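# Reading the structure
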Amino acid sequence: MGRRYFCDYCDRSFQDNLHNRKKHLNGVQHQRSKKAWFDTFRDASEILAEEQTKKLCRRFLQCGQCDFGPGCRFSHMTVEELGALKDHVEAEQRAREMQKKHLPPCNVESWLEERAKKKSIHSESVSAPQPPAYHLPPGWPPLCELPPSLHPPSEWDDPPNLDWG
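Here is what the cut-offs are and how they apply
- Residues numbered from 1 in each chain as written.
- Predicted model: local features only at pLDDT ≥ 70, side-chain atom pairs only at ≥ 80, totals over all residues.
- Heavy atoms only, no water.
- Phe/Tyr/Trp six-rings, centres within 6.5 Å; stacked < 30°, edge-to-face > 60°.
- Buried < 20%, exposed > 50% of the residue type's maximum accessible area, 1.4 Å probe, protein only.
- UniProt positions renumbered as here; feature names shortened; annotations may be inferred.
- Helix = DSSP H or I, 4+ residues; strand = E, 2+ residues; numbered from the N terminus.
- 1 Å grid on protein atoms, 1.4 Å probe; cavity = no way out; pocket = protein on both sides within 12 Å on 5 of 7 lines; lining within 4 Å.
- Points joined across faces, edges and corners; volume = space filled by probe spheres on them.
- Nonpolar A, V, L, I, M, F, W, Y, C, P; charged D, E, K, R; others polar.

With that out of the way, let us pick up the packing of aromatic side chains. Enumeration over the complete set of coordinates arrives at 3 aromatic pairs. Centroid distance Y5 to F14: 5.3 Å. Interplanar angle 50 degrees. Geometry classified as tilted. Ring geometry for W37 versus F41: centroids 5.3 Å apart, planes at 75 degrees, classification edge-to-face. In this structure W37 comes out as partly exposed when scored by relative accessible area, which is 46%. The exposure class assigned to F41 is exposed, which follows from its relative accessible area of 58%.

Below, the structure written as structure tokens:
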């Protein structure tokens, strides 16, 4: 049967080859489906601004439906829906402004002081850290026969006459 390509926007699959994929991705149905998908994530203020610039759709007002659906260039929102959307946008803006008022001013000095206090409290509560105990794996030769690179960290202070080669 071959490989198949599934388009998440259109919710359909087809044989995957360059010609079919290119034809699908450039198709009107795919473009509409993709736009509808991304429109679900739009901000209410963007939708309001767009709807206010459009004229009312006569067909939608008379019949209650439009053949063009969401692709129509005219607005399908009633006056009440537009008012509700406007109220929603204003409520969001007020909430954002209230949130900005309640945020403390950004002050690096106070943050650094708090950080220093936390570090001093933490260092007082914790005693001097104990270095981990290193043990050679079983079967290894004694430490004196190992090269310096395999000595544990406590032994890493190189004596002056150490020959690495």
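After that view, the rundown keeps rolling.
Bringing the UniProt feature "zinc finger region: C3H1-type" (unreviewed entry) in the protein into the picture now. Feature annotation in UniProt places "zinc finger region: C3H1-type" (unreviewed entry) on residues 51-79, given in this structure's numbering. Summarising residues 51-79: 34% helix, 0% strand, and an end-to-end C-alpha distance of 11 Å.

Take the layout of surface pockets next. Considering only enclosed or pocket space, the largest pocket measures out at about 480 Å³ in volume. In this structure, the largest pocket is lined by 19 residues; those nearest its centre are K35, D39, K54, P70 and G71. Ranked by residues supplied to the lining of the largest pocket, first place goes to helix 2 (residues 28-39) with 5 residues. Of the residues in the lining of the largest pocket, the class split is 7 nonpolar, 5 polar and 7 charged. The volume enclosed by the second largest pocket comes to roughly 160 Å³. Looking at the second largest pocket, the residues that line it are L56, C57, R58, R59, C66, F68, C72, R73 and F74.

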